Amino acid sequence: MSWNDYVTSKLMNTVDANQHKLENVLEHGALIGCNDGVTWAASAGFVVGKNKGTVEGSGEVEIDEFANIVDAFNNNGDCKKVGGIRLSKEKFYMVNFDSEKKVMYLKKQGGGACIAKSNMAFIIGVFSTSKKMKFDGKEENQNPGMCNKVVEELQEYLLSLNY
């Protein structure tokens, strides 16, 4: 299985432990090397990179999204770098950081994200409440519960393989 397959079949669309079929669970999903920031795989249009952004009191600055994620994980969810946590140029706010599980729960206008850390990768899932997903064929809005579930399940799987 390629890394792209993991994003497609374990994050975006999957079958959970109870055999429920989940489709379009996330707006975006990605696997990013946690040591070097290299994208192993990502959904179309999703990039964790360096961008210019506006920061209150500082004007326009360069924001290194990967470095800011690493900083937040190293500081129990508190990103001390300029620009805070951003994914694909979107600003996110910390809801909760679980240092034992190594998982960050984030919100943004109209959605949110979950970032989990394995031994070698950040597993990233982004959801938008305006987008529809399917749970056993029934449509519902994308939501934090399902986002967290698929991200954390992939994290556990990668950890079981020492990734």
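What you see is a predicted model, and the numbers here were worked out from it, not measured in a lab. (Residues numbered from 1 in each chain as written. Predicted model: local features only at pLDDT ≥ 70, side-chain atom pairs only at ≥ 80, totals over all residues. Heavy atoms only, no water.)

Peer 1: Please clarify how the packing of aromatic side chains should be interpreted in this entry.
Peer 2: The description of two aromatic rings rests on the distance between their centres and on the angle between their planes. A full pass over the atoms with the stated rule returns 7 aromatic pairs. Taking 6.2 Å as the distance between ring centres and 65° as the angle between the ring planes, the aromatic pair formed by Phe66 and Phe122 counts as edge-to-face. Here Phe122 lies in strand S11 (residues 121-128) and Phe66 lies in helix H2 (residues 65-74), a separation of 56 residues in the sequence. Here the two residues Phe66 and Phe122 agree in accessibility, since each one is buried. By way of ring pairs, the aromatic residues Trp3, Tyr6, Trp40, Tyr157 and Tyr163 are connected into one cluster. Geometry around Tyr157 places Lys10 over its ring, the cationic atom sitting 5.5 Å from the centre. (Phe/Tyr/Trp six-rings, centres within 6.5 Å; stacked < 30°, edge-to-face > 60°. Helix = DSSP H or I, 4+ residues; strand = E, 2+ residues; numbered from the N terminus. Buried < 20%, exposed > 50% of the residue type's maximum accessible area, 1.4 Å probe, protein only. Lys NZ or Arg CZ within 6 Å of the ring centre and 35° of its normal.)

Peer 1: Would you mind showing me how to read the pattern of salt bridges here?
Peer 2: Once their charged atoms are close, side chains differing in charge can pair, the charge on each being opposite to the other. Taken as a whole, this structure holds 6 salt bridges when the rule is applied. Across the pair Lys80 and Asp78 runs a salt bridge whose closest N-O atoms are separated by 3.1 Å. When its relative accessible area of 57% is taken as the criterion, Lys80 is described as exposed. By relative accessible area, Asp78 is classed as partly exposed at 40%. Notably, a salt bridge pairs Glu152 with Lys101, separated by 2.9 Å at the nearest N-O pair. With Glu152 in helix H3 (residues 144-160) and Lys101 in the loop between strand S8 (90-98) and strand S9 (103-108), this residue pair connects regions lying 51 residues apart in the sequence. A residue is classified by how much of its surface remains accessible, and Glu152, at 14% relative accessible area, is buried. Overlapping salt bridges bring together Glu27, Glu90 and Lys108 as one network. (Salt bridge = Lys/Arg side-chain N within 4 Å of Asp/Glu carboxyl O.)

Peer 1: What is the right way to read a nonpolar patch on the surface from this model?
Peer 2: A cluster of nonpolar side chains, namely Met120, Tyr157, Leu161 and Tyr163, defines an oily patch on the protein surface of about 340 Å² accessible area. Its place among the elements puts Tyr163 in the segment after H3. (Patch = residues over 30% accessible without salt bridge, like charges linked within 9 Å, V, L, I, M, F, W, Y side chains within 5 Å. Areas by Shrake-Rupley, 256 points an atom, 1.4 Å probe, with all protein chains shown as cover.)

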